[in-house]
Amino acid sequence: TPSLATTFLDLPLTNPLMNASGVWCSVASQLEALLESESGAMVTKSCTLEPRDGNPEPRYRVLDGNKPWGSINSMGLPNEGFPYYLRYTERHDYETKPLFISISGLTLDDNLAMVDSLKDAVTPAILEVNLSCPNVPGKAQLGYDFDAMDTLLAEVTSGYGQRQLGVKLPPYFDIAHFDEAAAILNRYPSVAFVTCINSIGNALAIDINSESVIIKPKDGFGGLGGDYVLPTALANVNAFFRRCPEKAVIGCGGVKSGQEAFLHLLAGATLVQMGTALYEEGPGIFARVKAELLSIMAQKGYENLSDFQGKLKTL
Ligand code: DOR
């Protein structure tokens, strides 16, 4: 049978699947469930320096019933605060699987304060800096402000002592934006990976019966996930895979079975995250998607991920 074993930043993983930050990772019981699951790695909920309640409910809704799976959310970064996740990094079982810690400071100074604590932490947790939360009223997505992103990367990479880290990017929709974002990222060699994509920000879902929006925050505007975002996610994975040869790409967006995981890997992802589908199905999803990915590989005669990873064909 084929193998799903892989490595990420030189760390061995049993398989390339993990949760998307925000899903099943806000509190210790959820993090423990991810550790117990068959995921190859895991990431904590994007945190702010202080705990936050987030936006008023309802703030997450599944779209179109049960399957197909889409979602809209305007959570607004509800989280237990940076020290809580830092403490989890200190007791995580790194032998079982690697751990990423996601930070999403409300200001540059908040991000720098968290990075400064992590720099001196002895744990091998991998830092993912979220540049793309669409849901905090009054806060623009950093990934869409190239000057602000450049400034943040300069300060964060230097504040982290040039240790390796990654960034969670918003989806881009224009070749000029792929070019500009990649050019900025490539100026920072310690940015070792990019995670593509966060939700497609500020979508509007409307219920025809009630003639109403379906989430409360921001007059119903929220980040789109699930089936709707797969082609945009694949485009962003492949765009950054082509433009950032020294960096790894983590794929996120629209993965609910082995098929979409395979497509992300083919497009250039090294690891593949699940958000909406994990939210709906729970951590048992990792065993299912692993089995599906293995059966696709067996059908195609592939023995290892490296047989097809990044080998997308063009016409
Ligand atoms: O879709 C998202 N929702 N992306 C984020 O980065 C944050 C999250 C939230 O808490 O609103």
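In this text the structure is predicted, and so the values were computed from the model without any measurement. (Residues numbered from 1 in each chain as written. Predicted model: local features only at pLDDT ≥ 70, side-chain atom pairs only at ≥ 80, totals over all residues. Heavy atoms only, no water.)

Visitor: Honestly, empty space enclosed by the protein in this entry has me stumped. Any pointers?
Guide: Remark: the empty space left among the atoms is shown by a probe the size of a water molecule rolled over them. Tallying each qualifying case throughout the model produces one cavity of 30 Å³ or more. Here the largest cavity is characterised by a volume of approximately 30 Å³. As for the largest cavity, its lining consists of Ile-101, Leu-118, Ala-121, Thr-123, Ala-125, Leu-127, Tyr-160 and Arg-163. Taken together, the residues of the lining of the largest cavity break down into six nonpolar, one polar and one charged. (1 Å grid on protein atoms, 1.4 Å probe; cavity = no way out; pocket = protein on both sides within 12 Å on 5 of 7 lines; lining within 4 Å. Points joined across faces, edges and corners; volume = space filled by probe spheres on them. Nonpolar A, V, L, I, M, F, W, Y, C, P; charged D, E, K, R; others polar.)

Visitor: It is not clear to me how the sheet that holds strand β6 (residues 70-73) should be interpreted in this structure. Could you clarify?
Guide: Whenever strands of a sheet pair, they do so through backbone hydrogen bonds, lying parallel or antiparallel. With antiparallel pairing, four strands are arranged side by side in an open sheet as β5-β6-β14-β11. At either end of the open sheet lies a strand with only one pairing partner, and these are β5 (60-63) and β11 (200-204). For this sheet, the mean inter-axis angle between neighbouring strands, taken without regard to orientation, is 40°. With four bridges connecting them, β6 and strand β14 (residues 221-226) associate as antiparallel partners. Bridging from a neighbouring strand, Gly-70 pairs with Gly-226 of β14. (Pairing = 2+ DSSP bridges. Helix = DSSP H or I, 4+ residues; strand = E, 2+ residues; numbered from the N terminus. Axes fitted to C-alpha atoms, helices over the stretch in contact; angles between N-to-C directions.)

Visitor: What should I look at first to understand the site of the ligand in this one?
Guide: Residues in close proximity to the ligand include Lys-45, Asn-73, Met-75, Gly-76, Leu-77, Pro-78, Asn-130, Cys-133, Pro-134, Asn-135, Asn-198 and Ser-199, which together make up its full environment. The contact in question runs from an oxygen atom of the ligand to an N or O atom on the backbone of Leu-77, over 2.7 Å. Within the side chain of Ser-199, one N or O atom sits 2.8 Å away from an oxygen atom of the ligand. Considered on its own, the ligand offers 290 Å² of accessible surface; in the complex 91% of this is hidden by protein. In this structure the site holding the ligand corresponds to the largest pocket. Classifying every residue of the shell around the ligand gives five nonpolar, six polar and one charged. (Near = heavy atom within 4 Å. Polar contact = N/O pair within 3.5 Å; in protein donor to acceptor, adjacent residues only side chain to side chain. Areas by Shrake-Rupley, 256 points an atom, 1.4 Å probe, with all protein chains shown as cover. Sits in = over half its atoms within 2 Å of the grid points.)

Visitor: What exactly am I supposed to notice about the packing of aromatic side chains here?
Guide: Throughout the structure, instances matching the rule amount to 12 aromatic pairs. Summarising the aromatic geometry, the rings of Phe-8 and Phe-100 are spaced 5.5 Å apart at their centres and angled 50° between planes, so their arrangement reads as tilted. Placement of the pair is Phe-8 in strand β1 (residues 6-8) and Phe-100 in strand β7 (residues 99-103), with a sequence separation of 92 residues. Like Phe-100, Phe-8 is buried. Among the aromatic residues, those joined into a ring-pair cluster are Tyr-144, Phe-146, Tyr-172, Phe-178 and Phe-240. (Phe/Tyr/Trp six-rings, centres within 6.5 Å; stacked < 30°, edge-to-face > 60°. Buried < 20%, exposed > 50% of the residue type's maximum accessible area, 1.4 Å probe, protein only.)

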